[in-house]
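# Analysis of the macromolecular model
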Amino acid sequence: MASVVYDIIIVGAGPAGLTAAIYAARRKARVVVFEAETVGGQITKTPLIENYPGVLNISGSELAKKMQEQVRALGVEIKIERAVDIWKEGEGFVVKTERASYHSKAVILATGVQSKRLDVQGEEKFIGRGVSYCAICDAPLFANKTVVVVGGGDSAAKTALLVADYANKVILIHRRDALRAEPLLQDRLFANKKVQVIWNKVVEAIKGENLVEGVTLRDTKTNEKIDLPVGGIFVEVGGIPAAVLARKLGIETSEKGYVKVDKHQRTNVNGFFAAGDVTDFPLRQVSTAVGEGATAAISACEYIGK
Ligand SMILES: Cc1cc2nc3c(=O)[nH]c(=O)nc-3n(C[C@H](O)[C@H](O)[C@H](O)COP(=O)(O)OP(=O)(O)OC[C@H]3O[C@@H](n4cnc5c(N)ncnc54)[C@H](O)[C@@H]3O)c2cc1C
């Protein structure tokens, strides 16, 4: 029996992919969404979203649940299968997952970003033993400890605030002398008595026996090194676009590896669209991801004549 040919395969079930699924399904396109890990993507890692219009505040996992319900209510299948390869076949595409190969007329890549590592001595060894990239998953494990958070953006500020609910003390390490985080978040951070910010420092090594016991910091101006005894470290230094599959297919990416798209979310390969954090649009937020997801879906539907 011939295998199903989908109209559109969406890779990634974060806000961009789920929005694309809603818009494509409402145009009666035959859609499937593949998700490698957690439906909802990065938002499931944050306890609080306060800048998504229409919702005063909501936990990321609650927003993800609502998006997922809306997608499923339209009859779209979300398969928990990691896409491992994509290639062109005739006019369409084949998406190979860990389990099977699926055919479609168009593809929307919405794979987002993966947490960037520090790439320092000890980091790999202590993952799950004091090194974490997900505060919402791990913050309660650091009750009554002194913990370091590395980074200077919104995610680092939010992580520091969340970890401070559990830890004795949170030390935010930033390589510059000013944060990039929203001023509103900075106000909360500086008002929190448990949080200390250390400027112009980078983590050079993570140390311990079986668990993290300390970090070595280097001053970015003087190169002076200091050892800091800490019980854990949360790394929030940005993301790396999950664009390996696209590059293999010959999709153009920016210098930093983000997928290049036009204002219709089209890539340089006909029928292949991209949306959300994986693209080279500079603002990486839920509101922009859903906007790009909607546009990608409409463009893909027009491409296949739906
Ligand atoms: C701690 C934190 C706090 C944040 N707070 C806010 C906030 O308050 N407000 C806001 O607007 N934004 C916030 N953001 C940013 C926001 O979460 C992202 O901009 C948004 O999730 C991007 O959506 P996306 O769908 O493009 O990508 P993602 O959310 O990254 O989703 C991509 C999905 O694709 C999946 N995937 C990747 N590769 C494959 C593959 N090969 N096969 C199948 N699936 C794959 C991933 O597992 C993931 O689920 C925050 C981010 C973090 C990390």
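Structural notes, computed from the coordinates. What you see is a predicted model; the values in this text were computed from it and never measured. (Residues numbered from 1 in each chain as written. Predicted model: local features only at pLDDT ≥ 70, side-chain atom pairs only at ≥ 80, totals over all residues. Heavy atoms only, no water.)

### Things to note about the overall build of the protein chain
Rules: Only DSSP runs of H or I with at least four residues qualify as helices, and only runs of E with at least two residues qualify as strands; both kinds are numbered from the N terminus onward. Note that the radius of gyration is over C-alpha atoms, with the globule rule given as 2.2 Å times the number of residues to the power 0.38. Note on exposure labels: buried denotes an accessible area under 20% of the residue type's maximum, exposed denotes more than 50%, and partly exposed covers the range between, all computed with a 1.4 Å probe on protein chains only. Neither His nor the chain termini are counted; the positive set is Lys and Arg, and the negative set is Asp and Glu. Each charge is placed at NZ for Lys, CZ for Arg, CG for Asp and CD for Glu.
Scanning the protein chain from N- to C-terminus turns up 7 helices and 17 strands. Radius of gyration (C-alpha) of the protein chain: 21 Å, near the 19 Å computed for a compact globule of 306 residues. Taken along the three principal axes of its C-alpha coordinates, the protein chain extends 65 × 40 × 35 Å. When the 306 residues of the protein chain are sorted by exposure, 51% land in the buried category. Each charge class in the protein chain can be summarised by its mean position, and for the 40 positive and 35 negative side chains these summaries are 2 Å apart.

### Remarks on helix H2 (residues 60-73)
For clarity, the threshold we go by: Any helix carries an expected span of 1.5 Å times its number of residues minus one. As used here, the arc belongs to the directions running from the helix axis to the C-beta atoms. Any two residues whose heavy atoms approach within 4.5 Å are treated as being in contact.
Its 14 residues place the ends of H2 20 Å apart at the C-alpha level, agreeing with the 20 Å of an ideal helix rising 1.5 Å per residue. Taken residue by residue, H2 has Gly60, Leu63, Ala64, Met67 and Val71 as its buried positions. Within H2, the buried residues cover an arc of 100° as seen down the axis, which keeps them to one side. Next to the buried residues of H2 lie helix H1 (15-26), strand S3 (77-79) and helix H7 (286-304). One or two positions beyond H2, positive phi appears at Gly75, with a value near 85°.

### Topic: the state of the cysteines
Quick reminder of the rule: Only a pair of cysteine sulfur atoms within 2.5 Å qualifies as a disulfide here.
Tallied over the entire structure, the rule returns 1 disulfide. Two residues, Cys134 and Cys137, share a disulfide whose sulfurs are 1.9 Å apart. Across the disulfide from Cys134 to Cys137, rotation about the S-S bond amounts to roughly 75°, and the bridge is consequently right-handed.

### A short note on the site of the ligand
This is how it is decided: The criterion for a residue being near a molecule or strand is simple. One of its heavy atoms has to lie within 4 Å of it. Any N or O atom pair separated by 3.5 Å or less is treated as a polar contact, with the protein-specific requirement of one donor-capable and one acceptor-capable atom, and with residues adjacent in sequence counted only for side-chain atom pairs. Under the scheme applied here, ten amino acids are nonpolar (Ala, Val, Leu, Ile, Met, Phe, Trp, Tyr, Cys and Pro), four are charged (Asp, Glu, Lys and Arg), and all others, including Gly, are polar.
What surrounds the ligand is a group of 34 residues, the closest being Glu35, Gln42, Lys158, Asp277 and Val286. Here a nitrogen atom of the ligand and a backbone polar atom of Ala36 are 3.0 Å apart. The set of elements that each furnish at least two residues to the shell around the ligand consists of H1, helix H4 (154-164) and H7. In terms of residue class, the shell around the ligand is built from 15 nonpolar, 12 polar and 7 charged.

### A word on the packing of aromatic side chains
Within a pair of aromatic rings, the relevant descriptors are the distance that separates the centres and the angle that separates the planes. Keep this limit in mind: Here is the rule: rings of Phe, Tyr and Trp (six-membered ring for Trp) pair when centre to centre is within 6.5 Å. Planes less than 30 degrees apart are stacked, more than 60 are edge-to-face, and the remainder are tilted.
Tallying each qualifying case throughout the model produces 5 aromatic pairs. With 4.7 Å between their ring centres and 50° between their planes, Phe34 and Tyr102 make a pair best called tilted. Of this pair, Phe34 sits in strand S2 (residues 31-34) while Tyr102 sits in strand S6 (residues 101-109); the two residues are 68 residues apart in sequence, bridging distant segments of the chain. You'll find Phe34 and Tyr102 in the same group, each marked buried.

### Quick notes on a positive patch on the surface
The condition that has to hold: Residues enter patches when their relative accessible area tops 30% and they take part in no salt bridge; the joining distance is 9 Å for like charges and 5 Å for the nonpolar side chains Val, Leu, Ile, Met, Phe, Trp and Tyr. The method behind every accessible area is Shrake-Rupley, applied with a 1.4 Å probe, and residues are considered shielded solely by the protein chains displayed. The term salt bridge refers to a side-chain nitrogen of Lys or Arg lying within 4 Å of a carboxyl oxygen of Asp or Glu.
A cluster of basic residues, Lys116, Arg175, Arg176, Arg180 and Lys256, forms a positive patch on the protein surface. Mapped onto the secondary structure, Arg180 falls in the loop between strand S10 (169-173) and helix H5 (183-191). Accessibility expressed as a relative area gives 57% for Arg180, which makes it exposed.

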